[in-house]
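The chain contents come next:
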Amino acid sequence: MPDHTIDPSDLRGDCAQCFGLCCVALPFARSSDFALNKPAGTACPNLGSDHRCGIHADLRGKGFTGCTVYDCFGAGQKVSQVTFGGQDWRTGAKKDARRMFDVFPVVRQLHELLWYLAEALRMPAARPVHPELRRAWERTDALTRQGPEELAALDVAAHRQEINVLLLRTSELARPGATAKGGKSGGKGGGKGGGKDRRGADLIGARLRGADLREASLRGALLIAADLTGADLRGADMIGADLRDADLSDADLTDAFFLTQPQLDGARGNAATRLPDALTRPAHWTAG
């Protein structure tokens, strides 16, 4: 890692150091995830004057499942305490509050990229690109420390695309079955397991019980409500995969990479689901 490192805890939301930015800056629509409509820049009615959620202990029961699967990757405390130096949007000037709400989603995207880059730097298979990954980490970290005006003007999509090239290379190095000639996959997208290419695939509600998805690329795949019970996902690239309501009971995600806590929080699973060491078993998963 670069000399100026970021503590892993800095890439997880710390609500005690944030002014409830996700509850104000972001919009949501009434749906199965949210019990009401809320426009961007308007405080959620459940947000208290102390910036704490009044129904945090019963968000799912009150119809706010979407809140339980959200993680700002530490952007909330960065914007609150670093970008705006501890200035509360409630007591500051309205123009500063608006700028804070504009900047928060930008920093959130940058912190998510830092999460992926930090994971890639921990992967032995990615050593050939570690120097490039370190430089990308340093550039991205520096961007998060810019002032409000610079952050608001940042072309995040362009920066994300630049980083994505490195993350794709990391994925190829970490999944030898995806490109090995004569291997069990027979190359990109072939055979069982061994590096299947399912990037962006529409697998909504798919029956994948017991599927061999070792070293598969599931980048951006739609796995909403898919049955992945007992599936073998060891070494799979999970970046951007939509796992909302997917059943991961008894599945093996050991060494699956670019998998985030929000993805797991949106899925279903049980005590037998095997997870990467860096992630936590969601409290709502069943014990069986």
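Residues numbered from 1 in each chain as written. Predicted model: local features only at pLDDT ≥ 70, side-chain atom pairs only at ≥ 80, totals over all residues. Heavy atoms only, no water.

Taking an unreviewed UniProt entry as the reference, the chain is identified by name as Pentapeptide repeat-containing protein belonging to Streptomyces sp. 900105245.

**Q** Help me out: how do you make sense of helix α6 (residues 156-174) in this one?
**A** Each α-helix winds once per 3.6 residues, and so residues spaced three or four apart point in a common direction. Spanning 19 residues, α6 covers 26 Å between terminal C-alpha atoms, matching the ideal 27 Å at 1.5 Å per step. For α6, the elements touching its buried residues are α3 (94-121) and α4 (130-144). (Helix = DSSP H or I, 4+ residues; strand = E, 2+ residues; numbered from the N terminus. Expected span 1.5 Å × (residues − 1). Contact = heavy atoms within 4.5 Å.)

**Q** Looking at this structure, I do not really get the confidence of the model for the chain. What am I missing?
**A** With 91% of its residues at a pLDDT of 70 or more, the chain has an overall mean of 91. Low pLDDT, under 50, characterises residues 181-191; the stretch is placed with 19 contacts to residues that sit more than four places away or in other chains. (pLDDT = per-residue confidence, 0-100.)

**Q** Looking at this structure, I do not really get the environment of arginine 219. What am I missing?
**A** Relative to the helices and strands, arginine 219 resides in the loop between α6 and α7 (261-265). Along the sequence, arginine 219 and methionine 238 sit 19 residues apart, while their C-alpha atoms lie 5.5 Å from each other. Beyond its immediate sequence surroundings of up to four residues, arginine 219 is in contact with Asn164, Leu167, Leu168, Ser171, Arg198, Arg199, Gly200, Asp237, Ile239 and Phe258.

**Q** Mind showing me how you'd approach unusual backbone geometry here?
**A** Where the residue is not glycine, phi is negative for most of them; where a peptide bond is considered, it is trans in most cases. The phi angle at aspartate 245 is positive, at roughly 65°, despite the residue not being glycine. With respect to the secondary-structure elements, aspartate 245 resides in the loop between α6 and α7. Relative accessible area serves as the criterion here: at 40%, aspartate 245 is assigned to the partly exposed category. Positive phi is not limited to glycine here, since phenylalanine 258 has a value of about 60°. Take phenylalanine 258: it is sitting in the loop between α6 and α7. (Buried < 20%, exposed > 50% of the residue type's maximum accessible area, 1.4 Å probe, protein only.)

**Q** When you look at the packing of helix α2 (residues 75-83) against α3 in this model, what are you seeing that I'm missing?
**A** When two helices pack together, their arrangement is given by the angle between their axes and by how far apart the axes lie. Look at α2 against α3: their axes get within 8 Å of each other, and the N-to-C directions meet at 125°. By the angle class used here, α2 and α3 are oblique. Viewed along their axes, α2 and α3 form a crossing whose handedness is right-handed. Contacts between α2 and α3 involve Ala75, Gly76, Lys78, Val79 and Thr83 on the former and, on the latter, Met100, Val103, Phe104, Val107, Arg108 and His111. (Axes fitted to C-alpha atoms, helices over the stretch in contact; angles between N-to-C directions. Parallel < 35°, antiparallel > 145°, perpendicular 65-115°, else oblique. Left-handed = near helix turned anticlockwise from the far one by under 90°.)

**Q** Explain the environment of valine 79 to me, please; I cannot follow it from the model alone.
**A** Checked against the element boundaries, valine 79 lands in helix α2. With relative accessibility at 0%, the residue valine 79 sits in the buried group. Sequence separation of valine 79 and threonine 144 is 65 residues, and the distance between their C-alpha atoms is 8.7 Å. When neighbours within four sequence positions are excluded, valine 79 is seen to be in contact with Leu21, Phe84, Met100, Val103, Phe104 and Val107.

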